[in-house]
Amino acid sequence: MDPECSQLLPALCAVLADPRQPMVDDTCLEKLLDWFKTITEAGSSLLLLQENPCLVELLCHVLKPQDLSSRVLSFSLRLTGVFAAQEDCFQYLQGELLPRLFGEAGPLGGAAWTAPTVRSGWIQGLRSLAQHPSALHFLADCGAVDTIFSLQGDSSLFVASAAGQLLVHILSLSMRGLAEGPPGLQADDWPPCAQKIVGHIEESLRSTATPQITQALNVLTTTFSHCHDPWTQVLWVQLHPLVAALLQKDPVPAAHSLVDLLLSVARSPGLSSSSCGLWETLAQTLSHLSPTQAGLLALGILKLQDCPQALRAQAFAVLLQPLACVLQATAQGPGPSGLLDSTAADSVTADMLLPSKAACVGLLCQTLVHLELLLPLPQRPCPWPQAPLLGAAVTLLQLCRGSGSPASDAGRQLCALLLGCVRVQRAALDFLGTLSQETGPPELVTQVFAVLLEYLRSPDSSPTVLKKAFQATFRWLLSSPRTPGCSDLDSHTLLFLRELLPVLQKRLCSPCWEVRDSGLEFLTQMTRRWGGQAGFRHALLASEVPRLTEQLLRDPESYVRASAVTAMGQLSSQGLCVPPAGPEHPGSQQKSLLGELLHILSTDSEGFPRRAVMQVFTQWLRDSHADVVGDTEQFVAGVLQVAGQDLDWEVRAQGLELALVFLEQMLGPLRSHCPYAVTPPVAAPAGPLTQALQSLCRVRLFEFAFRALFDCDRPVAQKSCDLLLLLRAKTASSSSLQEPRSSPDVASVEAALQRWRAGDQAQPLGDLEPEVVLAVLRSMDLEGLRGALAESSDHVEKSPQSLLQDMLATVGILGENEADCY
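Residues numbered from 1 in each chain as written. Predicted model: local features only at pLDDT ≥ 70, side-chain atom pairs only at ≥ 80, totals over all residues. Heavy atoms only, no water.

Novice: Which parts of the structure should I look at to understand the overall build of the chain?
Specialist: When its secondary structure is counted, the chain shows 43 helices and zero strands. By the burial criterion, 51% of the 822 residues in the chain qualify as buried. Sequence-distant contacts, at least 24 apart, represent 71% of the contacts inside the chain between residues at least 6 apart. Summed over all atoms, the accessible surface of the chain reaches about 37,100 Å², with 54% contributed by carbon and sulfur. (Helix = DSSP H or I, 4+ residues; strand = E, 2+ residues; numbered from the N terminus. Buried < 20%, exposed > 50% of the residue type's maximum accessible area, 1.4 Å probe, protein only. Contact = heavy atoms within 4.5 Å. Areas by Shrake-Rupley, 256 points an atom, 1.4 Å probe, with all protein chains shown as cover.)

Structure below.
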């Protein structure tokens, strides 16, 4: 500990021990505790207490009957645990202090115990000190384990959860000496503390009270998740009959916790590979749980790497049951749905779907989400029933729209339950989009596009449903078949596209801004993917979509304006802004777009459109857009001038990205595309380097970068520093541009930069010469500045000394100027 902190510590301990002092802030106490943890991890706790007796005095003072703050008492309990984690310090404190703090004579028997903060501090203190055999004997002697048992049912969920985790930690600690090999199967071979905990778990599993069963299952789940020593196999063998007996109760108690436990055991390396009845229990559980609960277990089973094939088949059948019921209820004639081969839809699942809309919607959405998660996994079931699942997704979407024609009473009832259900629509569209990763029968794919178009056209589709319909449509367009040897869209997809574009036009005129925004995002995606293909270009240019998109640059909603900027930038890059101009006005529309975007960058009151403009301009420069190539220097100079005055730091940062792209075009690559490459930049030849630097000076790139170097927003300053370091490395070996550091021009620039750094950036640098710029770069400590920028903004105030001063200042112990105020 620093001498300065040692001098402040007695006064702080006196403040904490005095109930008359103002309440200390919780955040300060947490920081103080973290500081003590850091000290004890690096050195001896016993030596710390011996050198600072005020700490022991604080802990002893807590034991006196007084009206002490519950937060200070909780802090003291946790601090004691931190010190007692080292066995020699534990022995030092054990005489009177530890029993009175953690035994029945301490807070357990006082009024302070009613505060959840104190109970939580008591648990966390025990969790910290339980690190060695001496602590186990102490826990047994002071009766702490019984208290932990009772705290599992605490009214505070945080306390109850912490109590269960502490039991797992104590069990693991008590078995640590037996971790090298499996202990005997007899209970007498287990350590006393472990026997007590396991006995409590057995008693809870036999209980008729669901909360106690839940507590026991949660403890076992945590145990098998974190402990993989051989003794866990013995524990499972001993408790497995009690866990399996829960399945005989109707309903199965604590079903969610039971599922968590069984999956935790199945994922445990030592248990999943042994013959301990696990797979049989999983199979029985699948058949005893409700459809919703069984679906969670089925997904977990199908995610396992190693699992018997019969169990996987059973789990997949359980997962598919709700969709099988949908297909059977809406079938136009008798016969199997095709989803489960010869297995008929389960009556229990059907009964759960029909009576209640909430249960029906919940089960269907859960099933769709589970199947969506399962599809990309390598261990997914094979063969994958792509066609039936596509049919089920399309059927659900039709039922929600009321466009389905169920022939049975069950189908009509299902249609009534799902009609207009936005939640099922969203889940089904997400699932339908995921299914685009696989192929399907042509007739089903046709139905997919038909139902997507139906949703995009419908005036009843909510904004969120429309957004997901656009996303699913794009994914299915991506998966459309291609003509061999041709990258263009096939004839069927082009036909769909011609039907889709009028719908998109309508959505771009929607009174709802979210719909306009979704339509623009969809247009941007399509243009980026197919903007160079003849079929798409012809269909788009024949529509009103480009003109409507240009109008949305002036939309009243800033999010829409930003999306319109991005869309127009993409359209312009592909030459799709408007129908081709006549020979008398070549390129006139392109120029008007550049002016429009510059106007947005200069005048838009919201940050999102301005950021979008900077991203478009950067991409245009990178792609050598026709408008940029005409006069690149004028373009870069104009954009940097506007971006440098923007109040949004992200716009200024994007300006630095544009500057970096221009630098690389002038000087060659400055940064490696491999993040692990350490090859320094290659120096440019002196002749081209001189010309390139003159160009950089003409666009005032250096003034923009130097100004950004002292930006009040750290990400901007860091990005500028990185850019200047890359530039300096690129020009380091150029001897032809050396300039004496004593040059008056260099001194003038350095003086101006000093004023900028102090906050006075009113005076511009003026016209710069390359030699002056390089001399200034070589004189600057950019590495030191980068290191300073990498530190957190409060690295000075985060020091322990500052923390102690602040805590004392809050109660007036320090003078006015002795605390760090931040």
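There is more to say after this.
Novice: So what exactly am I meant to see when it comes to the layout of surface pockets here?
Specialist: If you roll a probe as big as a water molecule over the atoms, it shows you where there is empty space left. A volume near 520 Å³ is recorded for the largest pocket. In terms of lining residues, the largest pocket is bounded by 22 residues, among which Pro-442, Val-445, Thr-446, Phe-449 and His-492 are the most central. Looking at the lining of the largest pocket, the elements with two or more residues in it are helix 25 (442-457) and helix 27 (491-508). If you tally residues by element for the lining of the largest pocket, the top one is helix 25, at eight residues. Here the lining of the largest pocket is composed, by residue class, of nine nonpolar, eight polar and five charged. Here the second largest pocket is characterised by a volume of approximately 440 Å³. Along its surface, the second largest pocket is lined by 19 residues, and Leu-640, Gly-644, Gln-645, Phe-704 and Arg-707 are the ones closest to its centre. (1 Å grid on protein atoms, 1.4 Å probe; cavity = no way out; pocket = protein on both sides within 12 Å on 5 of 7 lines; lining within 4 Å. Points joined across faces, edges and corners; volume = space filled by probe spheres on them. Nonpolar A, V, L, I, M, F, W, Y, C, P; charged D, E, K, R; others polar.)

Novice: Help me understand the packing of helix 2 (residues 26-42) against helix 5 (residues 70-84), please; the structure alone is not making it clear to me.
Specialist: Between helix 2 and helix 5, the shortest axis-to-axis distance is 10 Å and the interhelical angle comes to 10°. Here helix 2 is positioned roughly parallel relative to helix 5, judged by the angle of their axes. Between helix 2 and helix 5, the contacting residues are Asp-26, Leu-29, Glu-30, Leu-32, Leu-33, Phe-36, Lys-37 and Thr-40 on the first element and Arg-71, Phe-75, Arg-78, Leu-79, Val-82 and Phe-83 on the second. Classifying every residue of the contact of helix 2 with helix 5 by side-chain character gives eight nonpolar, one polar and five charged. (Axes fitted to C-alpha atoms, helices over the stretch in contact; angles between N-to-C directions. Parallel < 35°, antiparallel > 145°, perpendicular 65-115°, else oblique.)

Novice: I'm lost on helix 27 in this one. Help?
Specialist: Note that an α-helix has 3.6 residues per turn; residues three or four places apart therefore point the same way. Helix length check: helix 27 (18 residues) gives 26 Å between terminal C-alpha atoms against 26 Å at 1.5 Å per residue, within 8%. The secondary structure elements touched by the buried residues of helix 27 are helix 25, helix 26 (463-478), helix 28 (513-530), helix 29 (534-541) and helix 30 (545-551). (Expected span 1.5 Å × (residues − 1).)

Novice: Help me understand the packing of aromatic side chains in this model?
Specialist: Aromatic ring pairs are described here by two measures, namely the spacing of the ring centres and the angle between the planes. Using the criterion set out here, one finds 14 aromatic pairs in the structure. Ring geometry for Phe-474 and Trp-530: centres 5.7 Å apart, planes at 65°, overall edge-to-face. Of the two residues, Phe-474 sits in helix 26 while Trp-530 sits in helix 28, which places them 56 residues apart along the sequence. Note on accessibility: Phe-474 and Trp-530 belong to one class, buried. Here a set of aromatic residues connected by ring pairs shows up, and it is made of Trp-35, Phe-36 and Phe-83. (Phe/Tyr/Trp six-rings, centres within 6.5 Å; stacked < 30°, edge-to-face > 60°.)

Novice: What exactly am I supposed to notice about helix 13 (residues 210-226) here?
Specialist: Under the 1.5 Å per step criterion, the end-to-end length of helix 13 is 24 Å for 17 residues, consistent within 8% with the ideal 24 Å. Of the residues making up helix 13, those classed as buried are Ile-213, Gln-215, Ala-216, Leu-217, Val-219, Leu-220, Thr-221, Thr-223 and Phe-224.

Novice: Can you walk me through the nonpolar core in this structure?
Specialist: Nonpolar side chains tend to gather and get buried jointly when the protein is soluble and globular. Judged by nonpolar contacts, the single largest core of 281 residues is most densely connected at Trp-122 and Met-526. The residues touching Trp-122, leaving out its near neighbours within four places in the chain, are Leu-77, Leu-101, Phe-102, Leu-108, Trp-113, Ala-144, Thr-147, Ile-148 and Leu-151. (Core = buried A, V, L, I, M, F, W, Y, C linked by side-chain atoms within 4.5 Å.)

Novice: Would you take a moment to explain the state of the cysteines for this structure?
Specialist: By definition, a disulfide links the sulfur atoms of two cysteine residues through a covalent bond. Counted under the stated rule, the structure contains zero disulfides. Left without a disulfide partner, Cys-415 is nearest to the cysteine sulfur of Cys-400, which lies 8.6 Å away. Of the residues examined, Cys-415 reaches a relative accessible area of 14% and is grouped as buried. (Disulfide = S-S within 2.5 Å.)

Novice: It is not clear to me how the packing of helix 8 (residues 116-129) against helix 11 (residues 157-174) should be interpreted in this structure. Could you clarify?
Specialist: Helix packing for two helices is described by the angle between their axes and how far apart those axes are. At a minimum axis distance of 10 Å, the contact between helix 8 and helix 11 shows a crossing angle of 15°. Taken together, the axes of helix 8 and helix 11 are roughly parallel relative to one another. The hand of the helix 8/helix 11 crossing is left-handed. Taken together, the residues of helix 11 that come into contact with helix 8 (itself represented by Pro-116, Arg-119, Ser-120, Ile-123, Leu-126 and Arg-127) are Val-159, Ala-162, Ala-163, Leu-166 and His-169. Here the residues of the contact of helix 8 with helix 11 sort into seven nonpolar, two polar and two charged. (Left-handed = near helix turned anticlockwise from the far one by under 90°.)

Novice: Just checking my understanding: could you explain the environment of Arg-554 for this structure?
Specialist: With respect to the helices and strands, Arg-554 occurs in the loop between helix 30 and helix 31 (558-573). What makes Arg-554 partly exposed here is its relative accessible area of 45%. Other than its neighbours up to four places away in sequence, Arg-554 contacts Arg-561 and Glu-596. Looking at Arg-554, its side chain comes within polar contact range of the side chain of Glu-596, at 3.0 Å. (Polar contact = N/O pair within 3.5 Å; in protein donor to acceptor, adjacent residues only side chain to side chain.)

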